[in-house]
Amino acid sequence: MSSDFSGVGYTPSGKKLNFNYVYKGDEINCELVKRRPKQRSFKIIETIRNHSWDSVQCEHYGRCGGCVGQHIDYEEQIHLKFDPIIRSFKDDLGIELETKPSDSIYSYRTRMDFAVFPGPKIGLRERGNFRKIISISDCKIQSETANKSLSKVISLLNSIPEIIWDRKSEIGGLKYVTIRKAQNTDDGILIFTFTEGFESEQLHQTFVQYCLKLETDLSIVFCYNRKKSEVSSEGRLLLIKGKPTYSEIVMGKQFEIPFDSFFQPNPNGFLPVLNFIEKHRSKQNQSFVDFFCGNGFFSLVFGGNYKSNYGYEVTESAVKMASSLFQSMYPDKEFLFQVTNLFTSVANLSTPLDSCLILDPPRAGAGILLSEWIRDFGPNEVFYVSCNPYSQQEDVKIFIQNYVCKGGLLLDPYPHTPHTESVLYFQRKSN
């Protein structure tokens, strides 16, 4: 079994093959398929299971691309995910990681994006087939409240199926439905993503009236983007009901999250990272620096403890939101959030030596340029938060020569998927 929960097998010639939704002892019968003169692949003919699927709760499991680990006992999921990371950090960097499994392995996601196809079909992509949708009426990793809203949306689309965008004939307009439901408040938002220009059609006005009659406590938002765009919850906004944001509470602080903004998909599952930072951060530093700050999540959680706050993010709308939220929450604090592409420019970074730096890059990591800058000019204290410990490790190899790792935590906010979160704490060497 691999760390991504796939089963690993080999052909007689030694070619490695990976199979999803299998377990040790399962038997895979497959055949070689010649697609082109030099292109070959293996097609599964039969899977003989020698492992019980009694732990699987979802009727769509094995077809839907959302989860890949429900057939594996959760304790073994943790070993499959964590063990290679733990060994790699210890062997390559001499860093020991604490571990934290999830307290809740179902009903943990606060955001789900469902594609909509004629039929009507609403659901998630089939694993390995982007053009095929697995219809879903009950998703086990989102909340019961969100599933009730999903059921009502399905009934709504059954009442007016012509609203759905047909990607072949280009008739209709609705492409995606996104449900965002907070964990620690009753707030939430229902987002319908349409093709640009559809708002001028009569059918659009009819659908507005349908939505106004929809029995839901969630706010309702329409947004519009390009016809060929397969992106949900992004584009020009039309507010139908309620507000274009929803409220979430994290560590006693209330966040107002825009409909199209990233936020932790499992805030309660992410709390160990925040508690780790709060436990280890020095109380002597005067400044707080937030690299890849987004809407200012870490700045809003910790910024009240510092005299000056700096944030850097490539998206202008996110920087504006971070500035607005920070000023509202901490009107007496000094702050400066700037639009900066940290992958290509480090010339204007302001990080006093007595700063606490939080680094939370995308999955690909911080990159060589920024990692070298941290090595040469980074402050006394660095917390590196990552959703991809493997890219995190490559960055750390660059700047660790001038830092000492004082602790690390590996956790699992996303059960039944191969994804993890990690946080490392570094102090700059005295020389």
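Overview of the structure. Nothing here was measured: the structure is a model prediction, and the numbers come from that model. (Residues numbered from 1 in each chain as written. Predicted model: local features only at pLDDT ≥ 70, side-chain atom pairs only at ≥ 80, totals over all residues. Heavy atoms only, no water.)

## Structural notes on the packing of aromatic side chains
- In this structure the tally under the stated criterion is 29 aromatic pairs.
- Centre to centre, the rings of Phe 255 and Phe 263 are 5.6 Å apart; their planes meet at 55°, and the pair counts as tilted. In this pair, the class of Phe 255 matches that of Phe 263, namely buried.
- Geometrically, the ring pair formed by Phe 270 and Phe 298 is tilted, given 6.2 Å between the ring centres and 55° between the ring planes. (Phe/Tyr/Trp six-rings, centres within 6.5 Å; stacked < 30°, edge-to-face > 60°. Buried < 20%, exposed > 50% of the residue type's maximum accessible area, 1.4 Å probe, protein only.)

## Details of the pairing of strand 21 (residues 421-428)
- Buried residues dominate strand 21, accounting for six of its eight residues.
- As defined by bridge partners, strand 19 (residues 381-386) adjoins strand 21 across six bridges and the pair is classed as antiparallel. Counterpart to Ser 386 in the pairing with strand 21 is Ser 422.
- As judged from the eight bridges shared by strand 20 (residues 403-411) and strand 21, these two strands associate in the antiparallel manner. In the sheet register, Cys 405 faces strand 21, and the bridge partner there is Phe 426. (Helix = DSSP H or I, 4+ residues; strand = E, 2+ residues; numbered from the N terminus. Pairing = 2+ DSSP bridges.)

## A closer look at the side chain of Thr 417
- Among the structural elements, Thr 417 can be located in the loop between strand 20 and strand 21.
- At 2.8 Å, the side chain of Thr 417 and the backbone oxygen of Tyr 414 are in polar contact.
- In contact with Thr 417, other than residues within four places in its own chain, are Phe 5, Gly 66, Val 68, Lys 81 and Tyr 108. (Polar contact = N/O pair within 3.5 Å; in protein donor to acceptor, adjacent residues only side chain to side chain. Contact = heavy atoms within 4.5 Å.)

## Some remarks on the side chain of Ser 308
- With respect to the helices and strands, the residue Ser 308 is situated in strand 16 (residues 308-313).
- Judged by its relative accessible area of 9%, Ser 308 is buried.
- Other than its neighbours up to four places away in sequence, Ser 308 contacts Gln 286, Ser 287, Phe 288 and Glu 334.

## Details of the pattern of salt bridges
- The final tally for this structure, using the stated rule, is 19 salt bridges.
- A salt bridge links Lys 228 to Glu 170, with the shortest nitrogen-to-oxygen separation between them at 3.2 Å. Taken together, the residues Lys 228 in the loop between strand 11 (219-225) and strand 12 (236-241) and Glu 170 in the loop between helix 2 (144-159) and strand 9 (174-181) connect sequence positions 58 residues apart.
- The salt bridge involving Arg 281 is made with Glu 278; its shortest N-O contact spans 3.1 Å.
- Classification of Arg 281 as buried rests on a relative accessible area of 7%.
- On the accessibility criterion, Glu 278 (30% relative accessible area) is partly exposed.
- Overlapping salt bridges, with partners in common, bring together Arg 125, Arg 167 and Glu 230 in one network. (Salt bridge = Lys/Arg side-chain N within 4 Å of Asp/Glu carboxyl O.)

## With respect to the nonpolar core
- Ile 163, Leu 190, Phe 192, Phe 194, Phe 207 and Phe 222 are the most contacted members of the largest nonpolar core, which has 46 residues in total.
- Of all elements in the fold, only strand 6 (111-117), strand 7 (121-126), helix 2, strand 9, strand 10 (188-195), helix 3 (202-212) and strand 11 reach the threshold of two or more residues within this core.
- Here this core gets five residues from one element, more than from any other, and that element is helix 2.
- Those residues in contact with Ile 163 that lie beyond four places of it in its chain are Leu 157, Gly 172, Gly 173, Leu 174, Phe 194, Phe 198, Leu 203 and Phe 207.
- Counting residues in hydrophobic clusters, the runner-up holds 38 residues, among them Ala 182, Phe 276, Phe 326 and Val 385. (Core = buried A, V, L, I, M, F, W, Y, C linked by side-chain atoms within 4.5 Å.)

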